[in-house]
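Given next are the chains, with one letter for each unit.
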Amino acid sequence: NAGVTQTPKFRILKIGQSMTLQCAQDMNHNYMYWYRQDPGMGLKLIYYSVGAGITDKGEVPNGYNVSRSTTEDFPLRLELAAPSQTSVYFCASSYQWGGRTDTQYFGPGTRLTVL
Amino acid sequence: AQKITQTQPGMFVQEKEAVTLDCTYDTSDPSYGLFWYKQPSSGEMIFLIYQGSYDQQNATEGRYSLNFQKARKSANLVISASQLGDSAMYFCAMREGVSGTSYGKLTFGQGTILTVHP
């Protein structure tokens, strides 16, 4: 299993540009998450999904959008990039069954710089 | 109020010695989970250990153990016999609520940088 994969690994955007960060998992996990990590800080939840077609906002959703058309993929869309969105973005997934949620496993991250 | 507090921005330890990384949490929910993740300089997030709020015993995973003191709301990570490869950022995280309603969402502390000296 590849686990959780993210592309690209690095990206530089100009202010106002848009892009999509890709995330895929091959563990048949039903829950998926997007976090951002600013320098020297912990991770903050942007959006999450509990299954295909179901998404909800986390702590810091402004400036982002998500979709989940399949169990495997959970892309994060940045519209009108701003310098405040310079961060490292992590995708994670976990499995929920019978009222219990398993540990979250993280992708390698995407380092985004907005200039 | 901070839900997860890691008060040690940086810690130093000699190789082969034990080290404790502090984590305190704040929740009114009786059901929660506590996690520790390691982030080496390469940047990935590596799961280390988990403690559930109803677990009677402290969690252990190899050289990692979690010193869970529920009344004090602390969940300190203990690394025994430190190795040079343990040098990394360590994050404490909490999942609140019954899993079916919290959807597994994690709240992270700000992290502690551990440096292991030879």
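Refer to the structure printed above.
Chemist: Help me understand the interface of chain A and chain B, please; the structure alone is not making it clear to me.
Modeler: Interface size is often expressed as the accessible area that is lost when the parts come together. Listed by partner, the interface residues are 20 residues for chain A and 18 residues for chain B. Where chain A packs against chain B, one counts 0 salt bridges. For the pair chain A and chain B, the interface holds 3 residue pairs in polar contact (both at pLDDT 80 or more). Contributing elements (two or more residues each) for the side of chain A that touches chain B: β4 (31-37), β5 (43-51) and β11 (100-101) of chain A.

Chemist: Looking at this model, I keep getting lost on unusual backbone geometry. Mind explaining?
Modeler: At the junction of Thr 7 of chain A and Pro 8 of chain A, the peptide bond is cis and its omega measures out at -10° in the coordinates. Note that Pro 8 of chain A resides in the loop between β1 (4-7) and β2 (10-13). Within the chain, Leu 80 of chain A stands out as a residue other than glycine whose phi angle is a positive 50°. Tracing the sequence through the fold places Leu 80 of chain A in the loop between β8 (76-78) and β9 (87-94). Of the residues examined, Leu 80 of chain A reaches a relative accessible area of 65% and is grouped as exposed. Non-glycine residue Lys 73 of chain B carries a positive phi angle of around 55°.

Chemist: Sorry if this is basic, but what is going on with the pattern of salt bridges here?
Modeler: Working definition: two side chains of opposite charge can pair if their charged atoms are close together. By the definition in use, this model includes 5 salt bridges over all chains. Across the pair Arg 36 of chain A and Asp 38 of chain A runs a salt bridge whose closest N-O atoms are separated by 2.8 Å.

Chemist: Is there a simple way to think about the state of the cysteines in this case?
Modeler: Think of a disulfide as a covalent bridge from one cysteine sulfur atom to another cysteine sulfur atom. Taken as a whole and assessed by the stated rule, the structure comprises 2 disulfides over all chains. The disulfide bridge from Cys 23 of chain A ends at Cys 91 of chain A, spanning 1.8 Å between sulfur atoms. What sets the handedness of the Cys 23 of chain A and Cys 91 of chain A disulfide is the S-S torsion sign, and at about -70° it is left-handed. One end of the pair, Cys 23 of chain A, is in strand β3 (residues 19-25); the other, Cys 91 of chain A, is in strand β9, with 68 residues separating them in the sequence. One disulfide bridge connects Cys 23 of chain B with Cys 92 of chain B, the sulfur atoms lying 2.0 Å from each other. Around the S-S axis, the bridge from Cys 23 of chain B to Cys 92 of chain B shows a dihedral of about -65° and counts as left-handed. Remark: Cys 92 of chain B occurs in strand β10 (residues 88-96) and Cys 23 of chain B occurs in the loop between β3 (19-21) and β4 (24-25); sequence separation between them is 69 residues. Like Cys 23 of chain B, the residue Cys 92 of chain B is buried in the burial classification.

Chemist: How do you make sense of the packing of aromatic side chains when you look at a structure like this?
Modeler: For any two aromatic rings, the description comes down to two numbers: the centre-to-centre distance and the angle of the planes. Residues and elements named next belong to chain B. Counted according to the given criterion, the structure contains 16 aromatic pairs over all chains. With a centroid separation of 6.5 Å and an interplanar angle of 25°, the aromatic rings of Tyr 25 and Phe 68 are classed as stacked. Placement of Tyr 25 in strand β4 and of Phe 68 in strand β8 (residues 64-69) is noted, with a sequence separation of 43 residues between them. The burial state of Tyr 25 is the same as that of Phe 68; both residues are buried. One residue, Arg 63, lies across the ring of Tyr 64, its end atom 5.7 Å from the ring centre.

Rules used in this analysis
Residues numbered from 1 in each chain as written. Chains lettered and ligands numbered in written order. Predicted model: local features only at pLDDT ≥ 70, side-chain atom pairs only at ≥ 80, totals over all residues. Heavy atoms only, no water. Contact = heavy atoms within 4.5 Å. Salt bridge = Lys/Arg side-chain N within 4 Å of Asp/Glu carboxyl O. Polar contact = N/O pair within 3.5 Å; in protein donor to acceptor, adjacent residues only side chain to side chain. Helix = DSSP H or I, 4+ residues; strand = E, 2+ residues; numbered from the N terminus. Buried < 20%, exposed > 50% of the residue type's maximum accessible area, 1.4 Å probe, protein only. Disulfide = S-S within 2.5 Å. Phe/Tyr/Trp six-rings, centres within 6.5 Å; stacked < 30°, edge-to-face > 60°. Lys NZ or Arg CZ within 6 Å of the ring centre and 35° of its normal.

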